[in-house]
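For reference, the chains in residue letters:
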Amino acid sequence: MTLSLNSTVRLNNGIQIPRIGFGVYQIPAGKVTTNAVKYALKVGYKHIDTAKIYGNESDVGKAIEESDQRREDIFVTTKVWNSDQGYDSTLKAFEGSLKRLGLSYVDLYLIHWPVEKKITETWKAMTQLLKNDKVRAIGVSNYSVNELNETLQSSDITPAINQVGFHPFLYQKELLEFCKNKSIQLEAYSPLTRGKRLKHPNLLEMARKYNKTPAQILVRWSLQHDLVVIPKSSHEERILENSQVFDLNIDQSDTSVLDSLNENLRTVFLD
Ligand code: NDP
C-alpha cells in the first residue's frame, strides 16, 4: 500500500477525501487551535475535522485563511450538534458553522450523533444542503447499523461517511462490513484510544520491532483496514509523528494480533 498525506479515497458521490485528517476536539479555542491547524497544514495534512460543539470552528477558519494552502486543497469537515437537529434547525446550524469557519462551503457535513425521532428530518436537511451545493458530501457519525438502515430507508441519498470510534480495542468489524457493503466509508475517530492504550504491551513490542511509536502503529492499523483516520494532538512533534506512517507496513501476523485486542473500549464516554 503506497500512501502519503495526499492519498485520498473516493466517496460514494465521487468526492475524494484525504485518508488522514487532523482532529481538533478538545484543542482549546483561540490561538492554540489556530496554531495547531496551521502547523498540521504546514507539515502536509490536507484534512481538518471540527464540529460546532468543539467551539473552535472560527479558529480552524482563521488557520485556513492564514495558511499557504489554497482553500480547494483542504478538506474541511464539521458537524451538526444534537440540539440543532431537525429540518429547519439543521439548515440554520449549518449557516452558523459556515460563518464561523469563514468559508463558502464545507467539504463534509456530518450529523454528530443519532437523535431519536430526528434521524429522518435531519437527514432530509443534509440532503438539501448537498443539493444546494453548500457541502460536497454529507454523512453521519456514531450511527449503528439500525440507525444507518433507518436513514437508508428514508432517502435515496446514502451517507458518504460514518465517523465512529475505531481502533484495535474497539474493532467494530460488523459495522465496517455493513458500511463496505453499502458504500459508506467508515472514518475512525479516537484512533489513538485517546491515549488510553498507548502503553499496551503488544503495541510497545510492535513499536520496537518497526522502529515506530505506538501512536504510529495505531494510525497505520486504521489505514490498513481501509479507514479514513483523524488523530488529534495539540503538540507539534506529535502532529508530525502521527502523520509519519507511510514507511511502515504492519505484517499479517502483527495485524492479527492487533485485530484480537477488541474490548469495546469507547473512550468517548471516559472524560
Ligand atoms: P485520539 O485517539 O486522536 O487521541 C488524542 C489523545 O492522544 C490526546 O490526549 C493527545 O494528547 C494524545 N496523543 C496524540 N498523539 C499522540 C502521540 N503521538 N503520542 C502520545 N499521545 C498522543 O482522540 P480524539 O478523541 O481526539 O479523536 C480524534 C478526533 O476525532 C477528534 O479530535 C475529533 O476531531 C474526532 N472525534 C469525533 C467524535 C465524534 O463523535 N464524531 C468523538 C471523538 C473524536 P495531546 O493533544 O496532548 O498531544
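Residues numbered from 1 in each chain as written. Predicted model: local features only at pLDDT ≥ 70, side-chain atom pairs only at ≥ 80, totals over all residues. Heavy atoms only, no water.

1. Quick word on helix α6 (residues 173-181)
The α-helix advances 3.6 residues per turn, and as a result positions three or four apart in sequence lie on the same side.
Then, number 1: Those residues of α6 that sit buried are L175, L176, F178 and C179. Each buried residue of α6 sits inside an arc of 165° when the element is viewed along its axis, so together they form one side. Turned more than 90 degrees off the buried face of α6, the exposed positions are E174 and N181.
Then, number 2: On its buried face, α6 is in contact with α5 (145-154), β8 (161-165) and β9 (185-189).
Then, number 3: Directly after α6, the chain includes S183, whose backbone phi takes a positive value near 60°. (Buried < 20%, exposed > 50% of the residue type's maximum accessible area, 1.4 Å probe, protein only. Helix = DSSP H or I, 4+ residues; strand = E, 2+ residues; numbered from the N terminus. Arc of directions from axis to C-beta. Contact = heavy atoms within 4.5 Å.)

2. Here's the deal with helix α4 (residues 119-131)
Then, number 1: Across its 13 residues, α4 extends 18 Å between first and last C-alpha, which sits within 8% of the 18 Å expected from 1.5 Å per residue.
Then, number 2: Taken as a whole, α4 has its buried residues at I119, T122, W123, A125, M126, T127, L129 and L130.
Then, number 3: Buried positions along α4 lie against β5 (75-80), α3 (87-101), β6 (106-111), β7 (135-141) and α5.
Then, number 4: Once α4 finishes, D133 follows within two positions and takes phi at roughly 60°, a positive value. (Expected span 1.5 Å × (residues − 1).)

3. A word on the pattern of salt bridges
Then, number 1: Within the structure shown, the criterion is met by 15 salt bridges.
Then, number 2: With its nearest N and O atoms 2.7 Å apart, the salt bridge here joins K38 to E66. You can see K38 sitting in helix α1 (residues 31-42) and its partner E66 sitting in helix α2 (residues 57-66), a full 28 residues away along the chain.
Then, number 3: Overall, the relative accessible area of 28% leaves K38 in the partly exposed class.
Then, number 4: Taking the relative accessible area as the measure of exposure, E66 reaches 37% and is therefore partly exposed.
Then, number 5: Of the charged contacts in the structure, one is a salt bridge between D107 and R71, with a shortest N-O distance of 2.9 Å. Taken as a pair, D107 in strand β6 and R71 in the loop between α2 and β5 lie far apart in primary sequence, 36 residues in all. Just as D107 is buried, R71 falls in that class too. (Salt bridge = Lys/Arg side-chain N within 4 Å of Asp/Glu carboxyl O.)

4. A word on the site of the ligand
Then, number 1: Around the ligand lies a shell of 30 residues, among which D49, L192, R194, S233 and R238 are the nearest.
Then, number 2: Contact between the ligand and Y54: a nitrogen atom at 3.4 Å from a side-chain N or O atom of the residue.
Then, number 3: For the ligand, whose unbound accessible area comes to 900 Å², protein coverage reaches 90%.
Then, number 4: Considering only residue class, the shell around the ligand consists of 12 nonpolar, 12 polar and six charged. (Near = heavy atom within 4 Å. Polar contact = N/O pair within 3.5 Å; in protein donor to acceptor, adjacent residues only side chain to side chain. Areas by Shrake-Rupley, 256 points an atom, 1.4 Å probe, with all protein chains shown as cover. Nonpolar A, V, L, I, M, F, W, Y, C, P; charged D, E, K, R; others polar.)

5. Observations regarding the sheet that holds β5
Then, number 1: Reading across the sheet, the eight strands line up as β3-β4-β5-β6-β7-β8-β9-β10 and stay open at both edges, with parallel pairing between neighbours. Each edge of the open sheet carries a strand with a single partner, namely β3 (22-23) and β10 (228-229).
Then, number 2: Where β6 and β7 come together, five bridges link them in parallel fashion. Residue I111 lies in a different strand from β7, and its bridge partner there is V140. (Pairing = 2+ DSSP bridges.)

6. Focus: the packing of α1 against α2
For any two helices packed against each other, the geometry comes down to the angle between their axes and how far apart the axes lie.
Then, number 1: The geometry of α1 relative to α2 is characterised by a closest axis approach of 8 Å and an angle of 40° between their N-to-C directions. In this view, α1 runs oblique relative to α2, as classed from their interaxial angle. The interaxial crossing formed by α1 with α2 has right-handed handedness. From α1, T33, T34, V37, K38 and L41 reach across to α2, where they touch D59, V60, K62, A63, I64 and E66.
Then, number 2: For the contact of α1 with α2, a count of residues per class yields five nonpolar, two polar and four charged. (Axes fitted to C-alpha atoms, helices over the stretch in contact; angles between N-to-C directions. Parallel < 35°, antiparallel > 145°, perpendicular 65-115°, else oblique. Left-handed = near helix turned anticlockwise from the far one by under 90°.)

All we've got here are geometric facts, nothing functional implied.
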